[in-house]
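Structural features, examined
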Amino acid sequence: MALAALATVVWSGSFVASRALHDSVPPVQAAFWRWIVALVAVAPFAARSAWRQRALIRRHFGFIALASLLGVTVYNTLVNQAGLSTSAGNMGMIMAASPVLMAVIERFGGQRLGARRTTGMLIACTGVILLVGKGSFTPDFSTGDLWMLAAACCFASYSALLRRKPAELSGPAFLFTTFVLGALMLLPAYVISLTAQGGFAPTTGTVGPLLYVGVFSSALAFFAWNKAIATIGAARAGVVYYLQPVCVALLSYPLLGESTGPLQLTCMALILGGVTLGARR
């Protein structure tokens, strides 16, 4: 549970970073360089393990490629795209809906959720819906919100898929391989973006956020999240993920000037209450 919480807190900062980059780095280029930085960060610890397990990786290449597509290539590109037209707060709120999708996917897979976890999930989900709907149960989505909803679907599918990871494939080897494949899948889109939109200036305001999302939000957070999924399952780890909008709101106010009012605080109380209830043994 602590690993899931660590990943959630670190990922909250990545939404703030994506929003900060929205007017300086094109979404595909931000995603591509994020994974290049992540590869450099994990290579000293994981490249040798991946090489030793290369026969196993070839055997399960289809599974690893699908995980790379969902969790690396598509998910983070959609997050960056959403940052062009919605706030970091909304990004965190909508992503908090992904545990519902995780739980539904696991339920179809035969995983029993239990009454307490289901109740906590519903309470937290109510808080998310009220946040997105600005106090109403009728969500008012912008274009960026819809991009973020698609990202949430990708992340939920990736998290549910992790339960099928071959036990003999080590975490570092799996992480390194998904980063390599995810970056390679992004390469054609990166070249097109570079040709059509041009590059970006490597300044403190662009390199700093890219280093954060590459080292912390990718290398560290993905390792912690994958380990949490393997230990406690996607549905239970997903309950902790409801903390994300709270963390994003706390970060986006001092860093981006996005305010948090009475409605946000009330909904955050619902989210925290639901997380506490659903995460208890």
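Residues numbered from 1 in each chain as written. Predicted model: local features only at pLDDT ≥ 70, side-chain atom pairs only at ≥ 80, totals over all residues. Heavy atoms only, no water.

**Some words on the environment of Met148**
The test is simple: Going along the chain from the N terminus, every DSSP run of H or I of four or more residues is numbered as a helix, and every run of E of two or more is numbered as a strand. Partly exposed describes any residue whose relative accessible area lies between the buried limit of under 20% and the exposed limit of over 50%, with all areas from a 1.4 Å probe on protein chains only and scaled to the type maximum. In what follows, residue pairs with any heavy atoms lying within 4.5 Å of each other are defined as contacts.
Tracing the backbone shows Met148 in helix α8 (residues 143–161). Judged by relative accessible area, Met148 falls into the buried class, the value being 0%. Apart from residues lying up to four places away in sequence, Met148 is in contact with Phe15, Val79, Ala82, Met91, Ile94 and Met95.

**So, the environment of Val37**
Looking at the secondary structure, you find Val37 in helix α2 (residues 27–52). For Val37, the contacting residues outside a window of four places in its chain are Leu210, Leu211, Gly214 and Val215.

**Notes on helix α5 (residues 88–95)**
Of all 8 residues in α5, 8 are buried; the element is thus mostly enclosed. Inspection of α5 places Ala88, Gly89, Asn90, Met91, Gly92, Met93, Ile94 and Met95 among the buried residues, and these make up the whole buried set.

**Focus on the packing of aromatic side chains**
Given two aromatic rings, one states the distance between the centres and the angle between the planes to describe the pair. So the rule is basically this: What counts as a ring pair is set by centres within 6.5 Å for rings of Phe, Tyr and Trp (its six-membered ring), and what kind of pair is set by the plane angle: stacked under 30 degrees, edge-to-face over 60, tilted for all other angles. Only Lys NZ and Arg CZ are tested; either one counts as a charge over a ring when it is within 6 Å of the ring centre and within 35 degrees of the ring normal.
A full pass over the atoms with the stated rule returns 7 aromatic pairs. Residues Phe32 and Trp33 carry aromatic rings whose centres are separated by 5.7 Å and whose planes lie at 80° to one another, so their mutual orientation is edge-to-face. A connected cluster of aromatic rings, assembled from ring pairs, spans Phe32, Trp33 and Tyr190. Over the ring of Trp51 we find Arg54; its NZ or CZ atom is 4.1 Å from the centre of that ring. Looking at Lys165, its charged tip hangs above the ring of Phe174, at a distance of 5.9 Å from the centre.

**What about the packing of helix α4 (residues 61–82) against α8?**
Under the convention used in this document: To obtain an axis, a line is fitted to C-alpha atoms, over the contacting stretch when the element is a helix, and the angle between two such axes runs from 0 to 180 degrees between their N-to-C directions. In these notes the angle categories are as follows: under 35 degrees is roughly parallel, over 145 is roughly antiparallel, 65 to 115 is roughly perpendicular, and the rest is oblique. Handedness of a crossing follows from how the near helix is turned relative to the far one, being left-handed for an anticlockwise turn of less than a right angle and right-handed for a clockwise one. Side-chain classes follow a simple rule in which Ala, Val, Leu, Ile, Met, Phe, Trp, Tyr, Cys and Pro form the nonpolar group, Asp, Glu, Lys and Arg form the charged group, and the remainder, Gly included, forms the polar group.
Running from N to C, α4 and α8 cross one another at 155°; their axes reach a closest spacing of 8 Å. The angle between α4 and α8 places the two elements in the roughly antiparallel class. Considering how the two elements wind past one another, α4 and α8 form a crossing that is left-handed. Contacts between α4 and α8 involve Phe63, Leu66, Ala67, Leu70, Gly71, Val74, Tyr75, Leu78, Val79, Gln81 and Ala82 from the former and Gly144, Trp147, Met148, Ala150, Ala151, Cys154, Phe155, Ser157, Tyr158 and Leu161 from the latter. When its residues are assigned to classes, the contact of α4 with α8 shows 17 nonpolar, 4 polar and no charged.

**Side note on the nonpolar core**
Applicable threshold: For the purposes of this section, nonpolar cores are sets of buried Ala, Val, Leu, Ile, Met, Phe, Trp, Tyr and Cys residues that join through side-chain atoms within 4.5 Å.
The biggest cluster of nonpolar side chains holds 59 residues, and the ones touching the most others in it are Met148, Phe179 and Trp225. Of all the secondary-structure elements, those providing two or more residues to this core are α1 (2–20), α2, α3 (54–59), α4, α5, α8, α9 (171–197) and α10 (204–232). Counting residues per element, this core draws most heavily on α4, which supplies 10 residues.

**Regarding α9**
The following threshold applies: To estimate how far a helix should reach, multiply one less than its number of residues by 1.5 Å. Note that the bend at a residue is defined as the angle between axes fitted to the seven residues ending at it and the seven residues starting at it. Any pair of nitrogen or oxygen atoms within 3.5 Å is treated as a polar contact; in protein, a donor-acceptor pairing is required on top of that, and neighbouring residues in sequence qualify only through side-chain atoms on both sides.
The end-to-end C-alpha distance of α9, which contains 27 residues, comes to 36 Å, matching closely the 39 Å that a straight helix rising 1.5 Å per residue would cover. At Leu187, α9 shows its largest bend, some 40°, and a proline, Pro188, comes one to four positions later. Two to three positions downstream of the cap, the backbone nitrogen of Ala173 sits 3.3 Å from a side-chain oxygen, assigning the N-cap of α9 to Ser170. Gly198, located one to two residues past α9, shows a positive phi value of around 80°.

**Points about the environment of Ile64**
Position of Ile64 among the secondary structure elements: in helix α4. Among the residues examined, Ile64 registers a relative accessible area of 1% and is labelled buried. Leave out the neighbours within four places in its chain, and Ile64 touches Ile57, Leu169, Phe174, Thr177, Thr178 and Leu181.

**Things to note about the state of the cysteines**
Stated precisely, the cut-off is as follows: In plain terms, two cysteine sulfur atoms within 2.5 Å form what is called a disulfide here.
Enumeration over the complete set of coordinates arrives at 0 disulfides. Unpaired in terms of disulfides, Cys153 finds its nearest cysteine sulfur in Cys154, a separation of 7.2 Å. Its relative accessible area of 12% is what places Cys154 among the buried residues.

Taken by themselves, the reported measurements are silent on function.
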